[in-house]
Amino acid sequence: MLTKRIIPCLDIKNGRTVKGVNFVNLIDAGDPVILAKQYAELGADELVFLDISATLEGRKTMLEMVLKVAEQVNIPFTVGGGISSVADVALLLKSGADKVSINSSAIKRPELVNELAEKFGNQCVVIAIDAKQIDGEWIVHLAGGTIPTSLNLFDWAKEVEVRGAGEILFTSMNNDGTKAGFANEALAKLSTELNIPIIASGGAGTMQHFVDTFKIGKSDAALAASVFHFGEIAILDLKQTLKQHNIPVRI
Amino acid sequence: MKLIIIDYGAGNIKSIQFAFKRLGVDAILSNNIDEIKTADKLIFPGVGEASSAMKMLKESGLDKIIPTLKQPVLGICLGMQLMCNSSEEGNTTGLGIFDVAIKRFSNAVKVPQMGWNTISRLKSDLFTGVKEKEFMYLVHSFYAENCNESIATTAYEIEYAAALQNDNFYGVQFHPEKSGLEGERILKNFLELKIKN
């Protein structure tokens, strides 16, 4: 049976992990390769690296990091952040990334989704969507959730599915950082209305939140950062809890 | 051991090359027919769309060569699918090494299947030391039906072939290079398969 995926997300700036990472027995908590290896050993099903470098130099360092991760880590990983062209994606995939996550560039030029799916296959095209619920309506936002667009979450998600997205990574700006749980109502609607996998993001605080996003939110995968990085939730414990709730996991 | 990854322009070859490097083997990338013939073992990778990948194989003449190889050949993901008779993806013919057709999952399930699923009914030296219901990473929208050449099965919508074997030809639908230590064990088993003279 296909299992639900648990995905730690690492923010990368100039080739180093940012945000505090507080793991036991880590030689260098800022080294994404060491962290990635550790997560793979601890039972993570996939990893996401989000490049938040603003400079060209930073992006080059990101490519080197991708190569090193591919060399040493034996689980799949996605790279996102600042990807805007077919050429960008070609370089990342050539360096060993399994998937790329596209956000603003797809909003600015939706044809990019078609081009990527056609050239590399839809299995490697993850469309990340940041959305905020305003007066009951889910509005897609740009630039890390700061700038509202005119797009409705569900319409946009359906459009990128038709254009060739292989997966949706939905972050609820209302939930992100709250540790109060995932946006399960919107997630369930996405999962029901679309026929591609949905990754839940934003709001993870407790193990019960993961149970809920798989049961109520019908998510196919759940992504989180700080609860894993600060050791608040151990992936193995989480998977055991999910299993006790009859949620299929790789354990 | 001369291990060649057939590099015909389709797929995430780096990951496969790195996986073998972790096992201590330097795999050579090649699309040169003469060189391919000299390999002890071969990997036939593939990610992407079937009919365009088949077109690339035809352009390079590899479509004629691969079925004649006598060495152990391991097809991975789309590589495995191209070794079958035909694929519904782009309605293409395949290399005809495995006597089975590739079909698409229906929309009763999410497509692509993406993630870790279990493999069962293991019957091949490829799986020495791998336990029943071990988890492997899969990403695909098309599948090979269960058939006489199945050496492992998995289930998503229906039970289907997770791996195939016909004589010296092996194929796996999952990605052993991305399936943790157990995936690496399968690659190691492939390296250790006896070569027939």
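Because the structure is predicted, anything quoted here is derived from the model rather than measured.

The rules behind the values
Residues numbered from 1 in each chain as written. Chains lettered and ligands numbered in written order. Predicted model: local features only at pLDDT ≥ 70, side-chain atom pairs only at ≥ 80, totals over all residues. Heavy atoms only, no water. Contact = heavy atoms within 4.5 Å. Buried area = accessible area lost by both parts, 1.4 Å probe. Salt bridge = Lys/Arg side-chain N within 4 Å of Asp/Glu carboxyl O. Polar contact = N/O pair within 3.5 Å; in protein donor to acceptor, adjacent residues only side chain to side chain. Helix = DSSP H or I, 4+ residues; strand = E, 2+ residues; numbered from the N terminus. Nonpolar A, V, L, I, M, F, W, Y, C, P; charged D, E, K, R; others polar. Core = buried A, V, L, I, M, F, W, Y, C linked by side-chain atoms within 4.5 Å. Buried < 20%, exposed > 50% of the residue type's maximum accessible area, 1.4 Å probe, protein only. Pairing = 2+ DSSP bridges. Axes fitted to C-alpha atoms, helices over the stretch in contact; angles between N-to-C directions. Parallel < 35°, antiparallel > 145°, perpendicular 65-115°, else oblique. Left-handed = near helix turned anticlockwise from the far one by under 90°.

**With respect to the interface of chain A and chain B**
Each partner contributes residues to the interface: chain A has 39 residues there, and chain B has 31 residues. Taken together, both faces of the contact between chain A and chain B bury some 2500 Å²; the carbon and sulfur share is 53%. When the buried area of chain A at its contact with chain B is split by residue, L2, N74 and N195 of chain A rank highest and sum to 27% of it. Applying the counting rule to chain A against chain B returns 3 salt bridges. K178 of chain B is paired through a salt bridge with D98 of chain A; the nearest N and O atoms lie 2.9 Å apart. Linking chain A with chain B are 18 residue pairs in polar contact (both at pLDDT 80 or more). Put simply, the parts of the chain that give the side of chain A that touches chain B at least two residues each are α2 (56-72) and α3 (86-94) of chain A. With 4 residues, the top contributor of residues to the side of chain A that touches chain B is α2 of chain A. Grouping the constituent residues of the side of chain A that touches chain B by class yields 17 nonpolar, 11 polar and 11 charged.

**Quick notes on the side chain of N152 of chain A**
Residues and elements named next belong to chain A. Its location among the elements puts N152 in strand β8 (residues 147-152). A polar atom in the side chain of N152 sits 3.2 Å from the side chain of E137. Of note is the side chain of N152, whose polar atom sits 3.0 Å from the backbone nitrogen of D155. Discounting chain neighbours no more than four positions away, the residues touching N152 are E137, W138 and V140.

**Considering the nonpolar core**
In this structure, F49, I127, I168, F170, F210 and F228 of chain A are the most contacted members of the largest nonpolar core, which totals 78 residues. When sequence neighbours within four positions are dropped, the list of residues in contact with F170 of chain A reads I129, A131, W138, L153, A183, A186, L187, L190, I199, A200 and S201 of chain A.

**Considering the pairing of strand β7 (residues 137-142) of chain A**
Residue and element names in this part refer to chain A. Most of β7 is tucked away, with 5 of its 6 residues classed as buried. Linking strand β6 (residues 125-134) back to β7 in an antiparallel pair, the connection comprises 2 residues, with D135 at a positive phi of about 50°. As defined by bridge partners, β7 adjoins β8 across 3 bridges and the pair is classed as antiparallel. Bridge pairing in β8 links L142 to I147.

**Quick look at the side chain of S30 of chain B**
Residue and element names in this part refer to chain B. Counting through the fold element by element, S30 comes out in strand β2 (residues 28-30). For S30, a relative accessible area of 5% gives the class buried. Polar contacts involving the side chain of S30 include one to the side chain of E35, which spans 3.0 Å. What S30 contacts, discounting residues up to four positions off in sequence, is I4, I5, I6, D7, E35 and I36.

**Regarding the packing of helix α8 (residues 207-215) of chain A against helix α10 (residues 235-244) of chain A**
Between two packed helices, what matters for the description is the angle formed by their axes and the separation of those axes. Residue and element names in this part refer to chain A. Relative to each other, α8 and α10 sit at 50°, their axes nearing to 10 Å. Between α8 and α10, the angle is such that the two are oblique. The two elements α8 and α10 cross, and the hand of that crossing is right-handed. In this structure, α8 contributes M207, F210, V211 and F214 to the contact, and α10 contributes D237, L238, T241 and L242. For the contact of α8 with α10, the class distribution of residues is 6 nonpolar, 1 polar and 1 charged.

**Let's talk about the pairing of β6 of chain A**
For a regular strand, side chains alternate in direction, first toward one face of the sheet and then toward the other. Residue and element names in this part refer to chain A. With 7 of its 10 residues buried, β6 lies for the most part within the structure. The pairing of strand β5 (residues 99-102) with β6 spans 3 bridges and is classified as parallel. Counterpart to S101 in the pairing with β6 is V126. Bridge analysis of β6 against strand β9 (residues 167-172) gives 6 bridges, and the strand direction is parallel. Bridge pairing in β9 links A128 to L169. Sheet topology note: the β6/β7 ladder contains 5 bridges and is antiparallel. Pairing of D130 across the sheet is with H141, part of β7.

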